[in-house]
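# Reading the structure
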Amino acid sequence: MRIFLDTANIEQIRQSVAWGVVSGVTTNPTLVAIEGRHDYKAVIREICGIVDGPVSAEVTAEGVDEMLKQASDIASWHKNVAVKIPCTPDGFEVTSKLAKEGVNVNMTLCFSANQALLAAIAGAAYVSPFVGRLDDAGHDGMALVKDIMDIYKEYDFDTELIAASIRHPLHCVAAAKAGADIATVPFKVLEQMMKHPFTDAGQARFIADWRKVSGK
Ligand code: E4P
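First, a word on what this report is: a plain description of the structure on this page.

What counts, and where the lines are drawn
Residues numbered from 1 in each chain as written. Predicted model: local features only at pLDDT ≥ 70, side-chain atom pairs only at ≥ 80, totals over all residues. Heavy atoms only, no water. Buried < 20%, exposed > 50% of the residue type's maximum accessible area, 1.4 Å probe, protein only. Helix = DSSP H or I, 4+ residues; strand = E, 2+ residues; numbered from the N terminus. Pairing = 2+ DSSP bridges. Right-handed = clockwise from strand over helix to strand, strands pointing away. Contact = heavy atoms within 4.5 Å. Axes fitted to C-alpha atoms, helices over the stretch in contact; angles between N-to-C directions.

## Thoughts on the pairing of strand S6 (residues 126-129)
A two-sided burial pattern is seen for S6, the buried positions comprising Tyr126 and Ser128 on one face and Val127 and Pro129 on the other. Summarising the sheet, strand S5 (residues 105-110) and S6 pair through three bridges and their orientation is parallel. Of the residues in S6, the one forming a bridge with asparagine 106 is tyrosine 126. This β-α-β element, S5 to helix H6 (residues 113-122) to S6, shows right-handed connectivity. Looking at chain direction, S6 and strand S7 (residues 160-163) are connected through two bridges and run parallel. Of the residues in S7, the one forming a bridge with tyrosine 126 is glutamate 160.

Here you go:
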């Protein structure tokens, strides 16, 4: 499973890429707003200059024609951009048209196996089931990831599953066990995945003991 970072924070992206564990980025309008940025194009281009992999940028227009216009513009920002399109009836139409033009689409706001099935049929490069938001509503978000993976394997679809709306490290373990292609994680979760108190305690002890024997 690959790890993408779910953020529009440039420093977090730089750090994660330096760690060598992140191979893509997903953004959405909320994440860009959190950073206080209004220049979506500039943000996406900056991110594309840091990470050598897919960078998802979301369409905010409504109606098929406007969505198609905005999606084509977004796709022209950088060769690595994947255009995020919602799992709505208009979204499926837009996705199938963009896919025929060779545009990489990440179908977002996916909350059901049927939406994921249609995303694959429409030719989306990625589908993003929102695990945490389903859990928040009392559903089993990871069960959806498993169902989608079963369906995609059964029919050999090329669409890659991005486990999204990840809230904690156990979500990542479960997504990996379910065979998700990618998990897109907030920076805090990435740090939690890396750290363990036993590692810190063990390392502190090794350093202290080595100081004693080496006299340094
Ligand atoms: C995915 O592409 C979305 O940006 C993201 O995972 C949404 O997560 P949230 O439910 O924490 O907003």
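## Side note on the sheet that holds strand S1 (residues 2-6)
The eight strands are arranged S1-S2-S3-S4-S5-S6-S7-S8 in a closed barrel whose pairing can be described as parallel. Its contacts with the sheet place helix H3 (residues 40-48) against strand S2 (25-26), strand S3 (55-58) and strand S4 (81-86), and it is angled at close to 170° to S3.

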